Amino acid sequence: MLDTLQRDFRSIAPAVDFCALRFVEESSEYLQVRQDVAEPPQLAVSRGAMVTVIHDGGLGYAATSDLSRGGLAAAMDRARRYAKLTAGRSVVDYGAMQMPRPNGAYRPGVGRDPATLSRRDKYDLLAREASQCRVDDRIVDWEANLWTTTSKQAYLTADGGAIEQEFHFLVPNLSATAHASGQTQTRTHAGRYNGFCRQGGLEILEAFGLEGAGRAVGEGALELLAAPNCPSGTMDVLLMPDQMMLQIHESIGHPLELDRILGDERNFAGTSFVTLDMFGSYRYGSDLLNVTHDPTRREQFASYAWDDDGLAADKQFLIRKGILERPLGGAISQKRAGMQGVANTRACSWNRAPIDRMANLNVEAGQSPMDELVAAIDLGVLMRTNVSWSIDDSRNKFQFGCEYGRMIRGGKLAEVVKNPNYRGISATFWRSLSGVGDASTFEVMGTPFCGKGEPSQVIRVGHASPACRFSGVDVFGGES
Amino acid sequence: MRAYFEELAGFLESRARASEVIISRMSAEQSDFIRFNESRVRQATAVKQVSWSLTLIEGTRRIDACVSLAGRADADREALAGLLETLRLGLADVPEDPFLLVETNAVASESERRGKLPDPEQVIDEVLAAGRGLDLVGFHAAGPIHKGFASSLGVRHWHAVESFSFGWCLYHGRDKAVKTTYAGSTWDSAAFAARMRFAREQLARLGEKPRELAPGAYRAFLAPAAMDEILGMLSWAGFGLKSRNTKQSALIRMADQDARLSPLVTIRENTREGIASGFQAEGFVRPPDVALVDAGRLATPLVSPRSAREYGVATNGANAGETPESLDLAAGSLAQDEALAALGTGIYVGNLWYLNFSDRSACRLTGMTRFASFWVENGRIAAPLNVMRFDDTAYRILGANLEALTRERDLLPSTASYGERSTESVRTPGALVRELALTL
């Protein structure tokens, strides 16, 4: 199909300053077992292409699910008309852009191919672990699911650029909900809301630890049910990677997106407290904070070799020893802002235009083993597994909540607490970073559902992090 | 588009074996999306897409697949025939589903709402002219949406709508802006200009020195756009039968402990007056009206076909997530133009943003003020507000602390377009609240 697409594209590409075609074919399967009942499988194949035309300084996009020669030609006409309508009336002279002309292929491989396990065997595996969650009658809901996706993508430019990329994604989930005496608590395994999401195959299930996890999840829900509410007060927090991923995402990732800083998202996703003049000098966090955009970690959810404008992707520091160095902005935003960024212009699918998105955004591991991080806390809470997130449209004032908390008193882990929440301000929170875990505490997480853009887009992002300690944080629990 | 749908659905049904049920669902749109920033165009995109969901049922086994199609019957017939064979092969590996339920009565419905949509050139011309000299950032989405349902059991539904939505902000600076939405089926340049004039007048107020509030409880008026956000949270996790029976509903204290909202609060799923289609994915027709909260008491849950089977009750045409698509909060008696006087001294919240639960079982919500929110003294706007975080329960905001709802209501169509343009909407009044807890 790609050969035909390439031939058709090159033969009908109009005589314009720049023309590109981005093809995406994404096939997925979603299986779920809930309360010991297998739900019908959900299969999907989303296939289509988007044409980009730049001409006389204007820019137009047109997407179509009709991949015939006629369908592509119609899309080109629409994109060309938009380029004409926006020429001289756009936020930047797109004609001044030197768009990449990439060539090559990226196919990291699937690992242990999920197709080698039959659908029935997958259902059996999910059913076995989910059923183990029901350790007693207070478990009122329990489920396991598995979501596998293969994405084949091509990007062609009329002036000879041609790349192909192929990705394999796997997302498992396992959760149990307990209820008694008017209280409900849910515990999930290794990350809620699809937080344990990676590229690869069935080996991800082993990393997730699905086999044998069911009983522990059920017991974890009951443990929370019996636990007291997290206390209120100013204290230290020790955030584990399945909460750090959210902290990174909301209060580093989004504020560093260059299109937000340039104002594109102010009508919906919001702006940023970060301004262009901060790069190179602003102290974002303590000396311990090192943050990278890293599309090279193959198993991570948003690894790739080129972004959707064809810009080659590599690892870059965004924050080094606490100092802000560069934003998350692709080729067009870099031109508009006049500064270097990273290869992160991305679209969620063929039917949406690419915009600046965080991809793999990671906190680099530090030097502290877990016991040292705990021992340094006189009064604090260890928090695991994000369950609630809210932040203002400048990505500054935030409030986050977790499934699981455990008090730390006198440098030792103490009782479990439920409904742990904390709030802070991004501009100062990261400066309270007082301990960064070593590689033994480092975990690779992410989310399939980062929402942004107009029209709306949800996209895959990855966040890897060690456990991190923050000092003097405003902590509180649930309603009594 | 309807002829295309009928032809392909009929083709698939002609291939159904005696033991099979075949269901087709089509969702198609032809959309223009134009983004603006700094009163210029940022991105303009045209999208033409057709997606087809095919369901194959044999006995109590079911398998579903959703695929993109070209939108041309001659090309798509072969693709769908191949997909049907794939599903037949796949069905062998699918366990029996005890909760399978689809519409088996040969019901039919149709709804078509034609409009007069603007050409993209007209939109760009009018928006750039209106935004001259201002910092305008906005988003225009327009075009026809088609949804079809057909099953080999004789069910037929059709829903088509032509609509546009233009939402924009006029920025004073940083995070201070006036947000306005103009949506409908027929673009009226004069109506757009009038809204723009009103927004410009509001913008002038944002130039004053902003008021920074200390955390605490404040008397508040929540404009309809802010109420939309609060109702959205209740919709996410409040009204479904499954969430109620698995004790995960945010309104579980209303279900199990007779907790109540104010008697002023009556919430319905009002399909009759909404924009969404009158049918759902298994072919059931939605009733025109479902009472979700009746004068402060939890009423009827939304019941999907799956939950209907699981819990042994009748479905009321809810979607799989059991979330409302045409939510309606009944009007109150406070005249909109008397809202500030009734507020007296307190905060006028134009919009809320990024809500989530800080304790779901207690329906405790947190979120941020956004856009044009003001400090009000003695019934007059005194200063714009710097953004503040609230953290409070729905039982207080819409319960003990709710003083009044406005007589006038806004119909707020969803501007979401994840994968495809949404047809959901919320109709809500504004709310006067005795106190709202601000925390940061």
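Look up a bit, the structure's there.
Per chain, the residues get numbers from 1 upward, laid out in the order the sequence is written. Here the convention is simple: chains get letters from A, ligands get numbers from 1, in the order in which they are written. Only residues with pLDDT of 70 or above have their local features reported here, since the model is predicted, and side-chain atom pairs are shown and tallied only from 80 upward, although totals for entire chains, interfaces and linings are computed over all residues. As a rule here, side-chain values cover all heavy atoms of the structure and leave hydrogens and water aside.

**Observations concerning the overall build of chain B**
When helices and strands are tallied, chain B shows ten helices and 20 strands. Classification of residues uses two cut-offs on accessible area relative to the type maximum, computed with a 1.4 Å probe and protein chains only: under 20% is buried, over 50% is exposed, and between them is partly exposed. Classification of the 440 residues of chain B by burial places 60% in the buried group. Whether two residues touch is decided by their heavy atoms; if any such pair falls within 4.5 Å, the residues are in contact. Residue pairs at least 24 apart in sequence account for 72% of intrachain contacts in chain B once pairs closer than 6 positions are excluded. The Shrake-Rupley method, run with a 1.4 Å probe sphere, supplies the accessible areas, and residue values consider only the shown protein chains as cover. Carbon and sulfur atoms make up 49% of the accessible area of chain B, which totals about 15,900 Å². Note on charges: Lys and Arg go in the positive column, Asp and Glu in the negative column, and His and the chain ends are not counted at all. Charged side chains are reduced to one point each, which is NZ for Lys, CZ for Arg, CG for Asp and CD for Glu. Of the side-chain charges in chain B, 51 are positive and 55 negative, and the distance between the mean point of each set is 3 Å. Counting from the N terminus, the helices are the DSSP runs of H or I reaching at least four residues and the strands are the DSSP runs of E reaching at least two.

**Let's talk about the overall build of chain A**
Across its full length, chain A holds ten helices and 24 strands. By the compact-globule yardstick of 23 Å for 480 residues, chain A fits well, its C-alpha radius of gyration being 24 Å. Each principal axis of the C-alpha atoms in chain A carries an extent, and together these give about 70 × 55 × 35 Å. Considering only contacts in chain A between residues 6 or more positions apart, those separated by 24 or more positions represent 75%. A total accessible area of about 15,300 Å² is found for chain A, and carbon and sulfur atoms account for 47% of it. One finds the centroid of the 51 positive side-chain charges in chain A at a distance of 3 Å from the centroid of its 58 negative side-chain charges. What the globule rule says is 2.2 Å times the number of residues to the power 0.38, and the radius of gyration is computed from C-alpha atoms.

**Observations regarding the side chain of Ser417 of chain B**
Looking at the secondary structure, you find Ser417 of chain B in the loop between strand S19 (402-413) and strand S20 (425-438). Note on Ser417 of chain B: relative accessible area 1%, which makes it buried. Once residues lying within four places of it in the same chain are set aside, the contact partners of Ser417 of chain B are Arg352, Pro455 and Ser456 of chain A.

**Quick notes on the interface of chain A and chain B**
With 98 residues of chain A in contact, the opposing surface of chain B contributes 95 residues. For the pairing of chain A and chain B, the buried interface totals around 7,700 Å² over both sides, and the portion due to carbon and sulfur atoms is 44%. By convention in these notes, a salt bridge is any Lys or Arg side-chain nitrogen within 4 Å of a carboxyl oxygen on Asp or Glu. Linking chain A with chain B are 14 salt bridges, by the criterion used here. In this structure, Arg89 of chain A and Asp125 of chain B form a salt bridge, with 2.6 Å as the shortest nitrogen-oxygen distance. Residues are grouped as follows: Ala, Val, Leu, Ile, Met, Phe, Trp, Tyr, Cys and Pro are nonpolar; Asp, Glu, Lys and Arg are charged; all remaining types, including Gly, are polar. Residue composition of the side of chain A that touches chain B, grouped by class: 36 nonpolar, 38 polar and 24 charged. Two strands pair if DSSP finds at least two bridges between them. Relative to strand S2 (residues 40-58) of chain B, strand S4 (residues 58-64) of chain A runs parallel, the two sharing four bridges. From the neighbouring strand, Ala63 of chain A faces S2 of chain B, where its bridge partner is Val47 of chain B. Put simply, buried area is the surface a 1.4 Å probe can reach on two separate parts but cannot reach once they are joined, added for both.

**Concerning a nonpolar patch on the surface**
Each patch is built from salt-bridge-free residues with over 30% relative accessible area, joining like charges within 9 Å and nonpolar side chains (Val, Leu, Ile, Met, Phe, Trp, Tyr) within 5 Å. Judged by side-chain polarity, Phe449 and Val458 of chain A together with Tyr418 of chain B come together as a nonpolar surface patch covering roughly 270 Å² of accessible area. Relative to the elements of secondary structure, Phe449 of chain A occurs in strand S22 (residues 443-452). Of the residues examined, Phe449 of chain A reaches a relative accessible area of 45% and is grouped as partly exposed.

**Topic: the nonpolar core**
Only buried residues count toward a nonpolar core, which is a set of Ala, Val, Leu, Ile, Met, Phe, Trp, Tyr and Cys residues joined through side-chain atoms within 4.5 Å. The biggest cluster of nonpolar side chains holds 58 residues, and the ones touching the most others in it are Leu21 and Val51 of chain A together with Ile34, Phe36, Trp168, Leu170 and Phe192 of chain B. With seven residues, helix H2 (residues 69-86) of chain A is the largest single contributor of residues to this core. The contact partners of Phe36 of chain B, leaving out residues within four places of it in the chain, are Val41, Arg42, Val123, Ile124, Val127, Leu128, Leu136, Val137, Gly138, His140 and Phe166 of chain B. Of all hydrophobic cores here, the second largest spans 52 residues; its members include Leu318, Ile319, Ala427 and Trp430 of chain A.

**Focus on helix H5 (residues 214-226) of chain A**
Residues and elements named next belong to chain A. To estimate how far a helix should reach, multiply one less than its number of residues by 1.5 Å. Between its first and last C-alpha, H5 extends 19 Å over 13 residues, near the 18 Å set by a 1.5 Å rise per residue. Residues of H5 that are buried include every one of Gly214, Val217, Gly218, Gly220, Ala221, Leu222, Leu224 and Leu225, and no others. Lining the buried residues of H5 we find helix H3 (119-132), strand S6 (139-157), strand S7 (162-180), strand S8 (183-188), strand S18 (397-409) and strand S19 (412-418).

**Digging into H2 of chain A**
Residue and element names in this part refer to chain A. With 18 residues, H2 should reach 26 Å at 1.5 Å per residue; the first-to-last C-alpha distance of 26 Å fits that figure. If you check which residues of H2 are buried, you get Gly71, Leu72, Ala75, Met76, Ala79, Tyr82, Ala83, Leu85 and Thr86. With its phi angle positive at about 75°, Gly88 sits one or two positions after the end of H2.

**A few points about the pattern of salt bridges**
Enumeration over the complete set of coordinates arrives at 67 salt bridges over all chains. Arg395 of chain A is the salt-bridge partner of Glu250 of chain A, the closest N and O atoms lying 2.3 Å from each other. Placement of the pair is Glu250 of chain A in helix H6 (residues 241-256) and Arg395 of chain A in the loop between strand S17 (379-391) and S18, with a sequence separation of 145 residues. A salt bridge links Arg62 of chain B to Glu282 of chain B; its shortest N-O distance comes to 3.2 Å. With Arg62 of chain B in strand S3 (residues 61-69) and Glu282 of chain B in the loop between strand S9 (267-269) and strand S10 (290-294), this pair connects stretches of sequence that are 220 residues apart. Grouping residues by exposure puts Arg62 of chain B and Glu282 of chain B together as buried. When salt bridges with common partners are traced through the structure, they connect Arg423, Asp474 and Glu479 of chain A together with Arg364, Asp391, Asp392 and Arg396 of chain B into a single cluster.

**Topic: unusual backbone geometry**
Note that the residue after Glu454 of chain A, namely Pro455 of chain A, is joined by a cis bond; omega there is 0°. With respect to the helices and strands, Pro455 of chain A occurs in the loop between S22 and strand S23 (457-465). For Gln35 of chain A, which is not a glycine, the phi torsion comes out positive at approximately 50°. Along the chain, Gln35 of chain A falls in the loop between strand S1 (18-34) and strand S2 (37-38). Among the residues examined, Gln35 of chain A registers a relative accessible area of 22% and is labelled partly exposed. The phi dihedral of Glu38 of chain B falls on the positive side, at around 50°, and the residue is not glycine. Mapped onto the elements, Glu38 of chain B comes out in the loop between strand S1 (20-37) and S2. For Glu38 of chain B, a relative accessible area of 46% translates into the label partly exposed.

**Digging into the environment of Ala73 of chain A**
Residue position: Ala73 of chain A is located in helix H2. In the structure, Ala73 of chain A is positioned 60 residues away from Ala13 of chain A in sequence and 8.0 Å away in space, judged by C-alpha atoms.

**Some words on the environment of Ser14 of chain B**
Residue and element names in this part refer to chain B. For Ser14, the position within the fold is in helix H1 (residues 2-14). Residues Ser14 and Ser152, 138 residues apart in the sequence, show an inter-C-alpha distance of 8.3 Å. Two N or O atoms count as a polar contact when they lie within 3.5 Å, although within protein this holds only if one can serve as hydrogen donor and the other as acceptor, and sequence-adjacent residues are included solely when both atoms are side-chain atoms. From its side chain, Ser14 meets the backbone oxygen of Phe11 in a polar contact 2.5 Å long.

**Quick look at the pairing of S23 of chain A**
Residue and element names in this part refer to chain A. When you tally the buried positions in S23, you get eight out of nine residues, the bulk of the element. One ladder, built from eight bridges, connects S22 with S23; its direction is antiparallel. Paired with Lys452 across the bridge in S23 is Gln457. Connecting S22 to the next strand, S23, in antiparallel fashion are four residues, including Gly453 with a positive phi near 90°.

Shape descriptors only; they carry no functional weight alone.
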